[in-house]
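These are the residues of each chain, in order.
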Amino acid sequence: MSKQQSPVVDLGEPCATRVTREPLTEEQAGDLASTFKALGDPVRLRLLSLIASHADGEACVCDLAGAFELSAPTISHHLKVLRESGLVESERRGTWIYYRVCPEALRSLAKSLTPGAEVPA
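Residues numbered from 1 in each chain as written. Predicted model: local features only at pLDDT ≥ 70, side-chain atom pairs only at ≥ 80, totals over all residues. Heavy atoms only, no water.

1. A look at the pairing of strand β3 (residues 96–101)
Sheet topology places strand β1 (residues 58–60) next to β3; three bridges connect them, and they run antiparallel. Bridge assignment links A59 to a residue of β3, and that residue is Y99. Of the strand pairs in this sheet, strand β2 (residues 88–93) and β3 are connected by six bridges, and their pairing is antiparallel. Bridge assignment links R92 to a residue of β3, and that residue is I97. (Pairing = 2+ DSSP bridges. Helix = DSSP H or I, 4+ residues; strand = E, 2+ residues; numbered from the N terminus.)

2. Brief notes about the packing of helix α2 (residues 42–53) against helix α4 (residues 72–84)
Interaxial distance between α2 and α4 falls to 10 Å at its minimum, and their mutual angle equals 75°. When the interaxial angle is binned, α2 and α4 end up roughly perpendicular. Seen from α2, the contacting residues are V43, R44, L47, L48 and I51; seen from α4, they are I75, H77, H78, L79, V81 and L82. Split by residue class, the contact of α2 with α4 holds eight nonpolar, two polar and one charged. (Axes fitted to C-alpha atoms, helices over the stretch in contact; angles between N-to-C directions. Parallel < 35°, antiparallel > 145°, perpendicular 65-115°, else oblique. Contact = heavy atoms within 4.5 Å. Nonpolar A, V, L, I, M, F, W, Y, C, P; charged D, E, K, R; others polar.)

3. Points about the nonpolar core
Within the largest apolar cluster, 23 residues are counted, with the highest numbers of intra-cluster contacts made by L47, I51, L64, L79, L87, V88 and Y99. For this core, the secondary-structure elements that each account for two or more residues are α1 (26–39), α2, β1, α3 (61–65), α4, β3 and α5 (103–113). (Core = buried A, V, L, I, M, F, W, Y, C linked by side-chain atoms within 4.5 Å. Buried < 20%, exposed > 50% of the residue type's maximum accessible area, 1.4 Å probe, protein only.)

4. Describing the environment of A67
Within the element layout of this structure, A67 appears in the loop between α3 and α4. Residue A67 is classed as partly exposed on the basis of its relative accessible area, which comes to 32%. Considered as a pair, A67 and L50 are 17 residues apart in the sequence and their alpha carbons are 8.9 Å apart. Discounting chain neighbours no more than four positions away, the residues touching A67 are R46 and L50.

5. Focus: the side chain of E91
Tracing the chain through its elements places E91 in strand β2. At 3.2 Å, the side chain of E91 and the side chain of R100 are in polar contact. (Polar contact = N/O pair within 3.5 Å; in protein donor to acceptor, adjacent residues only side chain to side chain.)

6. Brief notes about α4
Taking 1.5 Å per residue as the helical rise, α4 with its 13 residues ought to reach 18 Å, and the 18 Å between its terminal C-alpha atoms agrees with that figure. Of all the positions in α4, only I75, H78, L79, L82 and R83 are classed as buried. Looking straight down α4, one finds that the buried residues subtend no more than 145° of arc, so they occupy a single side. At its buried positions, α4 is contacted by α1, α2, α3, β2 and β3. (Expected span 1.5 Å × (residues − 1). Arc of directions from axis to C-beta.)

Here you go:
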């Protein structure tokens, strides 16, 4: 099995600080904004939710496409944006690609906005 590789935004450094505790640097703000922008589209947000709530926490692209009245290339574009933002990862199995949410990316985003206590792992 080969994994489909794509660039991933490093969420570790930008989220090392909390937005409410100290001001973000320009680079931190840019990284966080691009990740939140990926979630700002209703189709991508639904895709993320469908993947996360799917059995075993992963979903085949064939399971996702039927939930939308969009063309396959459009669904692929949205999945690519989620992959490039580091919110999901993918793995090719035969002719299908399976997607799963990257929990550490979601925790990092949540932590960046949490004013007080640590976000549980």
